Amino acid sequence: MMTQETARIAVFLSGAGSNLKALIDASKCGILSGKIVLVVSNRAQAFGLTIAGEEGIETFVFKEKRYDSPEEASADLLARLQQRRIDYIALSGYLRLLPAEVVRTFRNRIVNIHPALLPKYGGKGMYGHFVHEAVIASGDKESGVSVHLVNEVYDDGPVLEQVRVPVLPDDTPDTLAARVLKQEHKFYARVLNKLIKGKYQLDHE
Ligand code: GRF
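Thresholds applied
The numbering scheme is per chain: residues are counted from 1 as the chain's sequence reads. Confidence filtering applies because this is a predicted model: local features only for residues at pLDDT of at least 70, side-chain atom pairs given and counted only at 80 or more, and all residues used for totals across whole chains, interfaces and linings. Calculation of side-chain values draws on the structure's entire complement of heavy atoms; hydrogens and water are dropped beforehand. Planes of paired rings set the category: under 30 degrees apart is stacked, over 60 is edge-to-face and the rest tilted, where pairs are Phe, Tyr or Trp rings (Trp by its six-membered ring) whose centres lie within 6.5 Å. In this description a helix means any DSSP run of H or I spanning at least four residues, a strand means any run of E spanning at least two, and both kinds are numbered starting from the N terminus. Burial here depends on accessible area, computed with a 1.4 Å probe over protein chains only, as a share of the maximum for the residue type. Under 20% is buried, over 50% is exposed, and the range in between is partly exposed. In our convention, an over-ring charge means Lys NZ or Arg CZ found within 6 Å of a ring centre and within 35 degrees of that ring's normal. Neighbouring residues are identified by heavy atoms, a residue being near a molecule or strand if any of them is within 4 Å of it. We call two N or O atoms a polar contact when they sit within 3.5 Å, provided that within protein one can donate a hydrogen and the other can accept it, with sequence-adjacent residues counted only if both atoms are side-chain atoms. Note that Gly is not counted as nonpolar here; it falls among the polar residues with everything else outside the nonpolar set of Ala, Val, Leu, Ile, Met, Phe, Trp, Tyr, Cys and Pro and the charged set of Asp, Glu, Lys and Arg. Patches here are clusters of residues that have more than 30% relative accessible area and form no salt bridge, with a 9 Å joining cutoff for like charges and a 5 Å cutoff for nonpolar side chains (Val, Leu, Ile, Met, Phe, Trp, Tyr). Here, Shrake-Rupley sampling with a 1.4 Å probe gives the accessible areas, and only protein chains in the shown set may cover a residue. A pairing counts as a salt bridge when a side-chain nitrogen of Lys or Arg comes within 4 Å of a carboxyl oxygen of Asp or Glu. By the convention used here, strands pair only if DSSP detects at least 2 bridges between them. Simply put, an axis is a line fit to the C-alpha atoms, just over the touching stretch for a helix, and the angle between two N-to-C directions goes from 0 to 180 degrees.

Next up on the list: the packing of aromatic side chains. Counted under the stated rule, the structure contains 4 aromatic pairs. With 5.3 Å between their ring centres and 85° between their planes, Phe-12 and Tyr-94 make a pair best called edge-to-face. Taken together, the positions of Phe-12 in strand β1 (residues 7-13) and Tyr-94 in the loop between β4 (88-91) and α4 (100-105) put the pair 82 residues apart, joining distant regions of the chain. Tyr-94 shares its class with Phe-12; the two are buried. Pairing Phe-60 with Phe-62 gives two aromatic rings, centres 6.1 Å apart and planes at 40°, and the pair type is tilted. Residues Phe-60 and Phe-62 agree in their burial class; the two are buried. Three or more aromatic residues joined by ring pairs form one cluster here, namely Phe-60, Phe-62 and Tyr-67. It is Arg-80 that lies over the ring of Phe-60; its NZ or CZ is 3.9 Å from the centre.

Here you go:
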């Protein structure tokens, strides 16, 4: 179990990177006992890469199709993570599945944040505004944020913690998304910090 003070964290993202920014800030002010040392994106234009660059954090654009085979892509990604002595991976709006070999190697050390109360509104294709549209269409009175361990299936690993957020009668997907995202920014670092500190009972350690 990892309890060191300076866990080395890689953040994977595909888009805006507001959760990356929140994790960086939490690391700077000591809420997160870890340092973001690598940001990986499948999209070269992701704004999260700009945030990383401004913070002096190394970035890597990982495009599986650039490799001769999925095995080669997986081996290269894993080697880069290991060379940089990554302890934890935080998925932050990363819209791809991680290679299975990476999931196996980092078992119980990969987290994802999802903008709904899993197991509801998760799975392939359930991201961004699709999630909030589905919540509003369902008539649910509450939504929330889930942070869970990552396995080989989208949004499927054990939930570590959730926070609840009300759905208001006049909500649009955008207003609900904004309310949920605000909670995400407070919540992700705290849950990741607890994982790093060994505060969760995990299977197969
Ligand atoms: C967040 O809503 C997160 O829950 C989901 O993707 C979004 C990423 O937003 N997995 P950002 O790129 O961190 O701003």
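There is more to say, and it comes next.
In the neighbourhood of the ligand, the contacting residues comprise Ala-16, Gly-17, Ser-18, Asn-19, Gly-93, Ile-113, His-114, Pro-115 and Glu-184. For the ligand, an oxygen atom lies 3.4 Å from a polar atom in the backbone of Ala-16. Ile-113 is positioned with one of its backbone polar atoms (N or O) 2.8 Å from a nitrogen atom of the ligand. A class-by-class count of the residues in the shell around the ligand yields 3 nonpolar, 5 polar and 1 charged.

Let us now look at a nonpolar patch on the surface. A surface patch of nonpolar side chains, amounting to about 260 Å² of accessible area, comprises Leu-95, Tyr-127 and Phe-130. Here Phe-130 is to be found in helix α5 (residues 129-138).

Pairing in this open sheet of 7 strands is mixed, and the strands run β3-β2-β1-β4-β5-β6-β7 from one edge to the other. At either margin of the open sheet sits one strand with a lone partner, and together these are β3 (58-61) and β7 (159-166). Adjacent strand axes in the sheet meet at a mean angle of 20° when their direction is disregarded. By the bridge criterion, 7 bridges tie β1 to strand β2 (residues 34-41) in an arrangement that is parallel. Among the inter-strand pairings, Ala-7 is bridged to a residue of β2, identified as Gly-34.

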